[in-house]
Amino acid sequence: ATSRSPSAAAYGGVPKSSSMLRSLRIASGVTAMAGGAAAAYVYAKTSADERRERGVFAAMQTVYAEELGSFLAKARYDGPLPGAVAHCRFDEVLPQPSNPKYKLAVIEFNVPGAKNGGSDKGPDGHRVDSIPIANGIIKTGNSCELVKYYDTKHDEFAKYVQKFDALIVRINPGQLSQKTLPGTQERFDALMNDMLAKGKLVWSSPAVQTQMGAKDALVAINQLTCGLPDTFAYYNAEELEEGFKKTCAFQPRVIKQNRGSAGEGIWLIWLHNKPYCQNFGDSKLEDSDMIKMIEMNDNHVEYHTVREFLTFCSEGPAHPKAGEWKSAFPGKYLDGGKAAGGQLVDQRLLPRISEGEVRMLMVGPVLQMMVHKKPDGGGLSAVGGNSLYTFYKPGAPEYADLEDKFVKHDIPLVMAALGIENDPLPILWTGDFIPRDGDTPGSTEYVVGEFNCSCVGISKFQAVCGGEQTLADVSDADYYEACELTDL
């Protein structure tokens, strides 16, 4: 991508001059075709020398920014943007075309009171990858708006989105249940199902998200070679207590909540100052037994009694039996039960998690790339901004066996196990794989640690999320390579 793409020096990072702002106002106010509006945007951000150097608008007469109205009237066209414009760098949402064939929207949600609206977002309140996703659609001559969902304005939102042909939902699991009105997730899902019933498209649908995106999908595949047989799901406090006291007495565990993002509520747990039993079921933990815990969003360590942990999971940190907690996520992982996404999944802790995870980034049934996410600084967590990324294209020898097995063999079995064999795969989804020792000495096998089909992060964009950086801070090389995905 970089070899055929103009550099950001030409098309990004140029200070917003008054003429540029005036140009953008003119562009948005003129009845122009898709290319005209975007062409005006590029024209306003480049100098005449830069345009000549890059061959952009080479056949067009040089005009002043104030004359963009006349420029658009002469230079507009139908359909997708030409390569000279489409391959430029855009750190802002492009102007919307005035005559799109299809109207789409990227749906976002900001968690009330959370920094940036959530750890998956930048300081502008948007997911860093939302802008390239929208621009990828605009480049085709169709429109795509960034639309926020507010739990307090559900009816207004429902009315507004009726004009769209398709919705791309970019809301992390569980965010609609954080500091929102009761029943928010259910109302949102019902609206998405209503849109589907009207012939609109929604990616991913509530049904597919429930079957594939929920953590208990790992239980459904626990008898496949890509799963772990000792994987359990808990939907209420009684199930959690009965199961966890047995599993953690036997070996270290990973407890995963169904909500949250970027490692929030995913705990690595070891017994503290007590040996494990020799066989599963030989013993059960007592309320007073101590456990060591690491939360994967930030690698912080906590020590609690078993009772404190169980109380935190079901009642939250304010309960008198919960003890003192450092976690930013307020527990209560089981709220609402299975119907509302309240669940915890309990898996064996694989020691080779310290080597990182391999993410298979899929577009439908097609592998787009593989991402090795290794914990930064020697920790155990490769999520929540704590990871170093290495990117591999399909066919890379490092993961040829994993690619061949999962893409060619496992996907149909996974779909059948999840009960969605007759449904289309999500438009963008991932399988995250953790290495473990294979049955043959010296061999490595991979098991699924998570499926994600509701709000998959595009790693080269999302690598700068959670703090003060924005899309403009993504390097040129990473920007253009990630755009190969968003432009599909």
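Residues numbered from 1 in each chain as written. Predicted model: local features only at pLDDT ≥ 70, side-chain atom pairs only at ≥ 80, totals over all residues. Heavy atoms only, no water.

### A few points about the overall build of the chain
Assigned secondary structure in the chain consists of 16 helices and 15 strands. The proportion of buried residues among the 488 residues of the chain is 53%. A sequence separation of at least 24 residues applies to 68% of the contacts in the chain between residues at least 6 apart. For the chain, the exposed area adds up to about 21200 Å²; of that, 53% sits on carbon and sulfur atoms. (Helix = DSSP H or I, 4+ residues; strand = E, 2+ residues; numbered from the N terminus. Buried < 20%, exposed > 50% of the residue type's maximum accessible area, 1.4 Å probe, protein only. Contact = heavy atoms within 4.5 Å. Areas by Shrake-Rupley, 256 points an atom, 1.4 Å probe, with all protein chains shown as cover.)

### Some thoughts on the environment of Phe312
Here Phe312 lies in helix H13 (residues 306-315). When its relative accessible area of 0% is taken as the criterion, Phe312 is described as buried. Put simply, Phe312 and Pro330 are 18 residues apart on the chain and 8.1 Å apart in space, counted from C-alpha to C-alpha. Non-local contacts of Phe312, meaning those with residues more than four positions away in its chain, are made with Trp267, Pro317, Ala322, Trp325, Ser327, Phe329, Pro330, Gly331, Lys332 and Tyr333.

### Concerning the pattern of salt bridges
For the structure on display, the rule yields 32 salt bridges. With its nearest N and O atoms 3.1 Å apart, the salt bridge here joins Asp120 to Lys121. This pair shows no difference in class: Asp120 is buried, exactly as Lys121 is. Note that Arg307 is salt-bridged to Asp287, the shortest N-O span being 3.1 Å. One end of the pair, Arg307, is in helix H13; the other, Asp287, is in the loop between strand S7 (266-271) and strand S8 (290-295), and 20 residues separate them in sequence. Residue Asp287 is classed as partly exposed on the basis of its relative accessible area of 30%. Within this structure, Asp120, Lys121, Arg127, Asp129 and Arg170 form a network of salt bridges that share partners. (Salt bridge = Lys/Arg side-chain N within 4 Å of Asp/Glu carboxyl O.)

### What to know about the layout of surface pockets
Considered as a void within the structure, the second largest pocket measures approximately 620 Å³ in volume. Around the second largest pocket, the lining is made up of 30 residues, and of these Gln209, Thr210, Ala214, Asn258 and Gly341 lie nearest the centre. Counting residues per element, the ones that place at least two in the lining of the second largest pocket are helix H9 (184-197), helix H10 (206-213), helix H11 (217-220) and helix H14 (400-418). With five residues, the top contributor of residues to the lining of the second largest pocket is H10. For the lining of the second largest pocket, the residue count by class is 13 nonpolar, 12 polar and five charged. (1 Å grid on protein atoms, 1.4 Å probe; cavity = no way out; pocket = protein on both sides within 12 Å on 5 of 7 lines; lining within 4 Å. Points joined across faces, edges and corners; volume = space filled by probe spheres on them. Nonpolar A, V, L, I, M, F, W, Y, C, P; charged D, E, K, R; others polar.)

### Quick word on the packing of helix H12 (residues 237-250) against H13
At their nearest, the axes of H12 and H13 sit 10 Å apart, and the two run at 145° to each other. By crossing handedness, the relation of H12 to H13 is classed as right-handed. Between H12 and H13, the contacting residues are Ala237, Leu240, Glu241, Phe244 and Lys245 on the first element and Val306, Arg307, Phe309, Leu310, Cys313 and Ser314 on the second. Its residues assigned to classes, the contact of H12 with H13 shows seven nonpolar, one polar and three charged. (Axes fitted to C-alpha atoms, helices over the stretch in contact; angles between N-to-C directions. Left-handed = near helix turned anticlockwise from the far one by under 90°.)

### Focus on H9
Its 14 residues give H9 an end-to-end C-alpha distance of 20 Å, which sits within 8% of 20 Å, the value for a rise of 1.5 Å per residue. Here H9 has its buried residues at Thr184, Phe188, Leu191, Met192 and Met195. One face of H9 carries all of its buried residues, which in axial projection span an arc of 100°. In this structure, the buried side of H9 is in contact with strand S1 (103-108), helix H8 (154-160), strand S3 (166-169), strand S4 (201-203) and H10. (Expected span 1.5 Å × (residues − 1). Arc of directions from axis to C-beta.)

### Quick word on the confidence of the model for the chain
Caution applies to low-pLDDT regions: their predicted coordinates should not be interpreted in detail. Scored by pLDDT, the chain has a mean of 81; 80% of the residues are at 70 or more. Looking over the chain, one finds the lowest element-wise mean pLDDT in helix H1 (residues 8-11), namely 26, and the highest in H8, namely 97. Note that pLDDT drops below 50 for residues 58-78; the model gives that stretch 38 contacts with residues more than four away or on any other chain. (pLDDT = per-residue confidence, 0-100.)

### Regarding the sheet that holds strand S10 (residues 344-348)
If you trace the six strands from one edge of the open sheet to the other, you get S5-S10-S6-S7-S8-S9, paired in antiparallel fashion. Whereas interior strands pair on both sides, the edge strands pair on one side only; in this sheet they are strand S5 (232-234) and strand S9 (301-305). Ignoring strand direction, the axes of neighbouring strands in this sheet form an average angle of 25°. Here four bridges tie strand S6 (residues 253-257) to S7, and the two strands are oriented antiparallel to one another. Note that in S7 the partner of Ile255 across the bridge is Trp267. Sheet strands touched by H12: S5, S6, S7, S8 and S10. Its angle to S5, the strand with the most contacts, is close to 145°. (Pairing = 2+ DSSP bridges.)

### Observations concerning empty space enclosed by the protein
Tallied over the entire structure, the rule returns two cavities of 30 Å³ or more. Space inside the largest cavity adds up to approximately 50 Å³. In terms of lining, the largest cavity is formed by Leu361, Gln368, Met369, Phe391, Ile458, Ser459, Lys460, Ala482 and Leu485. Put simply, the parts of the chain that give the lining of the largest cavity at least two residues each are strand S12 (366-375), helix H15 (459-462) and helix H16 (476-486).

### Section: the environment of Ser288
If you trace the backbone, Ser288 turns up in the loop between S7 and S8. Residues Ser288 and Arg307, 19 residues apart in the sequence, show an inter-C-alpha distance of 6.7 Å.

### Section: the sheet that holds S3
If you walk across this open sheet you meet the four strands as S2-S1-S3-S4, and the pairing is parallel. Strands with a single pairing partner mark the edges of an open sheet, and in this sheet they are strand S2 (143-148) and S4. Sheet twist, expressed as the mean angle between neighbouring strand axes with direction ignored, is 20°. Where S3 and S4 come together, three bridges link them in parallel fashion. What sits directly across from Ile168, in S4, is Trp203. Those strands touched by helix H7 (residues 130-138) are S1, S2 and S3, and its axis lies near 150° from that of S2.

### Quick notes on H10
Buried within H10 are the following residues: Pro206, Val208, Met212 and Gly213. For H10, the angular spread of the buried residues around the axis is 160°, confining them to a single face. The secondary structure elements touched by the buried residues of H10 are H9, H11, H14, strand S14 (429-437) and strand S15 (444-452).

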